[in-house]
Amino acid sequence: MTTTQNIQILSNLTNTKIAIQGVSVLTPDGWVEDATVLIEDGQFIKIDQVISPDGFHLVNAQGLQMLPGIIDLHGDAFERMICPRPGVNFPLPIAIADNDRNLLASGITTFYCSITDSYEPGLRSRDSARALIEFILGTGKQVLNCNHRIHIRHEEANIAEHQELCDWMVSGRVHLLSINDHLPPPGNEKRLSRYLNSVKQRSSMSIEEIEELINQVTARRHEGDPQIKELVDLAHTYSIPLASHDDDSSEKVALSQQRRVAIAEFPATVDLAAQSREYGAAVLMGAPNLVRGGSHLGLMSVAEAVKHNVIDCLCSDYHYPSLFYAPFKLQELGLMSFEQAWSLVSSRPAEAAGISDRKGKIAPGLDADFLLISPDNSLPSAITAISSVYVAGQEVAHYQIL
């Protein structure tokens with residue numbers, strides 16, 4: 001291949017004016033068949049059924065469907081890229097670049113990297129959170145193709161270096177804040193056992209060391225109360241969406257309402273999910289819950305939530321492919337039309353996170369983040385349907401359809 005040919009191909013790949021032709025498009029108003037979608041400078045500018053104008057790089061998508069890119073508000077599977085075995089860590093640039101490819105392979109074009117800001121040492125420590133933020137918002141921009149945003153999962157009992165977290169929020173480094181409390185309550189042996197096993201899987205600490213850490217943190221957790229209030233106030237001052245996490249009582253839902261929470265992550269029951277929606281929160285649940293057939297903790301299932309109309313969004317939680325599978329599964333179960341189901345992973349997460357003016361739909365003026373897939377797919381082969389993934393109008397992943 002000559003140098004001239006190389007330059008021409010590169011020009012095509014970075015062309016700011018692209019026309020996707022002959023595609024079936026899922027728009028906010030339903031499907032538009034055999035359409036031409038015009039993209040310029042990374043945004044959709046027109047969707048119709050006419051011949052594209054001159055000056056556009058043409059992409060033949062005959063026989064394919066165009067779907068809005070998936071928006072994942074809560075995903076922490078990247079932790080396994082960093083720490084695949086207890087106490088065994090890989091360099092962040094390698095782990096997060098690998099994770100980026102996994103995101104795209106699952107159709108995720110906007111990813112809220114869910115970084116736990118905990119009192120634990122190692123993977124979920126403040127040092128780890130700081131390193132992740134610095135990489136993702138710094139040099140990572142040169143190698144990451146998925147649109148990365150920062151979701152801080154702050155543990156209420158983590159009282160160390162509070163000002164640093166406040167500074168991140170003020171400086172715009174945090175795009176979503178959730179308030180978490182995974183510290184096992186005194187006397188709850190079931191929660192304690194589950195927590196001990198969880199920490200053991202992501203650290204080299206012994207059970208005795210973990211128990212001592214829990215005792216130390218529990219003794220001082222009350223010091224975090226005024227800090228949480230300040231974080232909530234900062235979130236509202238700087239328009240950072242606020243999320244609750246695992247609300248499992250009416251009292252916790254009432255506290256979330258008092259905090260003006262925008263997103264209720266994983267409420268435990270149908271009634272609690274309904275209460276959350278009543279005060280205006282969007283209910284977010286994990287797609288693995290649906291794909292696996294229920295909650296791994298024995299709580300409300302996604303199918304149950306859909307049947308009672310108390311769900312707004314789905315996230316990957318701990319398994320990226322489930323987020324792509326989920327709409328197909330909902331259709332297969334007869335719980336939703338595919339078009340409704342796809343909104344749970346695209347437009348509705350965008351609305352919940354306050355980015356619907358830029359993301360979540362195929363419509364003029366919005367970012368051209370989309371998937372091209374082969375039609376008429378069902379589980380378990382759905383994920384092999386992805387042909388191409390586009391972010392800001394550029395093809396960032398291409399797969400051979402089987």
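For the structure, check the block above.
Here goes a summary of the coordinates provided. Since this is a predicted model, take the numbers as computed values, not measurements.

Here the focus is empty space enclosed by the protein. Going through the model one piece at a time under the given rule, you end up with one cavity of 30 Å³ or more. Taken as a whole, the largest cavity spans an internal volume of roughly 40 Å³. If you trace the largest cavity, you find it lined by Pro68, Gly69, Ile71, Thr109, Thr110, Lys359, Gly360, Lys361, Asp367 and Asp369. In terms of residue class, the lining of the largest cavity is built from two nonpolar, four polar and four charged.

Running from amino to carboxyl end, helix 4 (residues 126-137) crosses helix 5 (residues 162-170) at an angle of 20°, the nearest separation of the two axes being 12 Å. By the angle class used here, helix 4 and helix 5 are roughly parallel. The handedness of the crossing between helix 4 and helix 5 is left-handed. Taking contact as the criterion, the partners of Arg126, Ala129, Arg130 and Ile133 in helix 4 are, on helix 5, Glu164, Leu165 and Trp168. Among the residues forming the contact of helix 4 with helix 5, the class breakdown is four nonpolar, no polar and three charged.

Turning our eyes to something else, we now look at the packing of aromatic side chains. A full pass over the atoms with the stated rule returns seven aromatic pairs. Considering the side-chain rings of Phe324 and Trp342, the 5.8 Å spacing of their centres and the 85° angle between planes classify their relative orientation as edge-to-face. Placement of the pair is Phe324 in helix 13 (residues 320-332) and Trp342 in helix 14 (residues 338-343), with a sequence separation of 18 residues. Exposure class is identical for Phe324 and Trp342. Each is buried. Ring plane angle 10° and centroid distance 4.4 Å describe the contact between Phe370 and Tyr390, whose orientation is recorded as stacked. Taken together, the residues Phe370 in strand 14 (residues 370-373) and Tyr390 in strand 15 (residues 386-391) connect sequence positions 20 residues apart.

On to the nonpolar core. Ranked by internal contacts, the top residues of the largest apolar core, which has 81 residues, are Leu314 and Trp342. Per-element tally for this core: the top contributor is helix 13, with seven residues. Apart from residues no more than four positions distant in its own chain, Trp342 is found in contact with Leu26, Leu67, Pro68, Ile70, Phe324, Pro327, Phe328 and Leu371. Core analysis: the next-biggest nonpolar cluster, separate from the first, contains 17 residues, Ile20, Ile362, Ala368 and Phe370 among them.

Mapped onto the elements, Val270 comes out in helix 10 (residues 270-278). In this structure the C-alpha to C-alpha distance between Val270 and Met300, which are 30 residues apart in sequence, comes to 6.7 Å. Beyond its immediate chain neighbours, meaning those up to four positions away, Val270 contacts Met300, Glu304, His308 and Val310.

Let us look at the environment of Val232. Considering the arrangement of structural elements, one finds Val232 in helix 8 (residues 225-237). In contact with Val232, not counting residues within four places along its chain, are Leu242 and Arg259.

Now for the layout of surface pockets. Here the second largest pocket defines a volume of roughly 240 Å³. Taken together, 14 residues make up the lining of the second largest pocket; nearest its centre are Leu144, Asn145, Cys146, Asn147 and His148. Counting residues per element, the ones that place at least two in the lining of the second largest pocket are helix 4 and strand 8 (147-155). Class assignment of the residues belonging to the lining of the second largest pocket gives a composition of seven nonpolar, four polar and three charged.

Here the focus is the environment of Leu333. Relative to the elements of secondary structure, Leu333 occurs in the loop between helix 13 and helix 14. Note on Leu333: relative accessible area 45%, which makes it partly exposed. Once the C-alpha coordinates of Leu333 and Ala303 are considered, the two residues, 30 residues apart in sequence, prove to be 8.8 Å apart.

Reading the values: the criteria
Residues numbered from 1 in each chain as written. Predicted model: local features only at pLDDT ≥ 70, side-chain atom pairs only at ≥ 80, totals over all residues. Heavy atoms only, no water. 1 Å grid on protein atoms, 1.4 Å probe; cavity = no way out; pocket = protein on both sides within 12 Å on 5 of 7 lines; lining within 4 Å. Points joined across faces, edges and corners; volume = space filled by probe spheres on them. Nonpolar A, V, L, I, M, F, W, Y, C, P; charged D, E, K, R; others polar. Axes fitted to C-alpha atoms, helices over the stretch in contact; angles between N-to-C directions. Helix = DSSP H or I, 4+ residues; strand = E, 2+ residues; numbered from the N terminus. Parallel < 35°, antiparallel > 145°, perpendicular 65-115°, else oblique. Left-handed = near helix turned anticlockwise from the far one by under 90°. Contact = heavy atoms within 4.5 Å. Phe/Tyr/Trp six-rings, centres within 6.5 Å; stacked < 30°, edge-to-face > 60°. Buried < 20%, exposed > 50% of the residue type's maximum accessible area, 1.4 Å probe, protein only. Core = buried A, V, L, I, M, F, W, Y, C linked by side-chain atoms within 4.5 Å.

Purely geometric stuff here, so don't read any function into it on its own.
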